[in-house]
Amino acid sequence: MSVLRSETLPVQTKHDIVRARQAVRTWSRELGLGLVDQTKMITAASELARNTVDHGGGGSMRMEVVEGDRRRGLRLVFEDDGPGIPDLERAMRDGYSTGSGLGLGLSGARRLVNELDVEARPEGGTRVSILRWLP
């Protein structure tokens, strides 16, 4: 898979979550995703950006327009150096929450995208990658 375009934004504060949503909206529209797919990516990005701030202590979001297998898509990569996810299997289940949320962050994001990959490093930090292909 090749990266055609890339940009990294900080995700340190609640204001950065709003900026991340706006950037994903712009990139999704420019790529040619339909309104429903744009909304799915924006919603997933919002959940993951909030996790990055609330649970990871802040980090970054990298947006990439990628091409592979004769198709294009938008990949978002969220990274932080927080405590990681001690029980990833449990964290991927609906209803799991370490706070007062609904527990739909990772599992909800998984349903909204074509691909999701989570890497929780034992020494700390988390990397979550989501991808939505053009239809």
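In this report, the structure presented in the accompanying data block is examined. (Residues numbered from 1 in each chain as written. Predicted model: local features only at pLDDT ≥ 70, side-chain atom pairs only at ≥ 80, totals over all residues. Heavy atoms only, no water.)

1. Points about the overall build of the chain
- From N to C terminus, the chain includes four helices and five strands.
- Secondary structure elements of the chain, listed N to C terminal, follow the sequence β-α-α-β-β-α-α-β-β.
- Counting every position in the chain, which comprises 135 residues, the buried fraction comes to 44%.
- A separation threshold of at least 6 residues defines the contact pool for the chain, and within that pool the share at least 24 residues apart is 63%.
- When the accessible surface of the chain is split by element, carbon and sulfur atoms take 47% of a total near 7300 Å². (Helix = DSSP H or I, 4+ residues; strand = E, 2+ residues; numbered from the N terminus. Buried < 20%, exposed > 50% of the residue type's maximum accessible area, 1.4 Å probe, protein only. Contact = heavy atoms within 4.5 Å. Areas by Shrake-Rupley, 256 points an atom, 1.4 Å probe, with all protein chains shown as cover.)

2. Some remarks on the pattern of salt bridges
- This structure, assessed with the given rule, holds nine salt bridges.
- A salt bridge links Asp-37 to Arg-132; its shortest N-O distance comes to 2.8 Å. Linking Asp-37 in helix H2 (residues 35-54) with Arg-132 in strand S5 (residues 126-133), this pair joins segments that are 95 residues apart in sequence.
- The class for Asp-37 is buried, based on a relative accessible area of 13%.
- Take Arg-132: its relative accessible area is 10%, and that puts it in the buried class.
- Here the salt bridges do not stand alone but share partners, grouping Arg-62, Glu-64, Arg-75 and Glu-79 into one network. (Salt bridge = Lys/Arg side-chain N within 4 Å of Asp/Glu carboxyl O.)

3. A word on the side chain of Ser-46
- By the element assignment, Ser-46 lies in helix H2.
- Those residues in contact with Ser-46 that sit more than four places away from it in its chain are Ile-17 and Arg-21.

4. Regarding the sheet that holds strand S2 (residues 59-68)
- Strand order in the open sheet formed by five strands is S1-S2-S3-S5-S4, with antiparallel pairing between adjacent strands. Here the strands that pair on one side only, and so sit at the sheet edges, are strand S1 (2-11) and strand S4 (115-120). Between one strand and the next, the sheet's axes are offset by a mean angle of 15 degrees, whatever the strand orientation.
- Of the strand pairs in this sheet, strand S3 (residues 71-80) and S5 are connected by eight bridges, and their pairing is antiparallel. Counted as the bridge partner of Gly-73 is Trp-133 from S5. (Pairing = 2+ DSSP bridges. Axes fitted to C-alpha atoms, helices over the stretch in contact; angles between N-to-C directions.)

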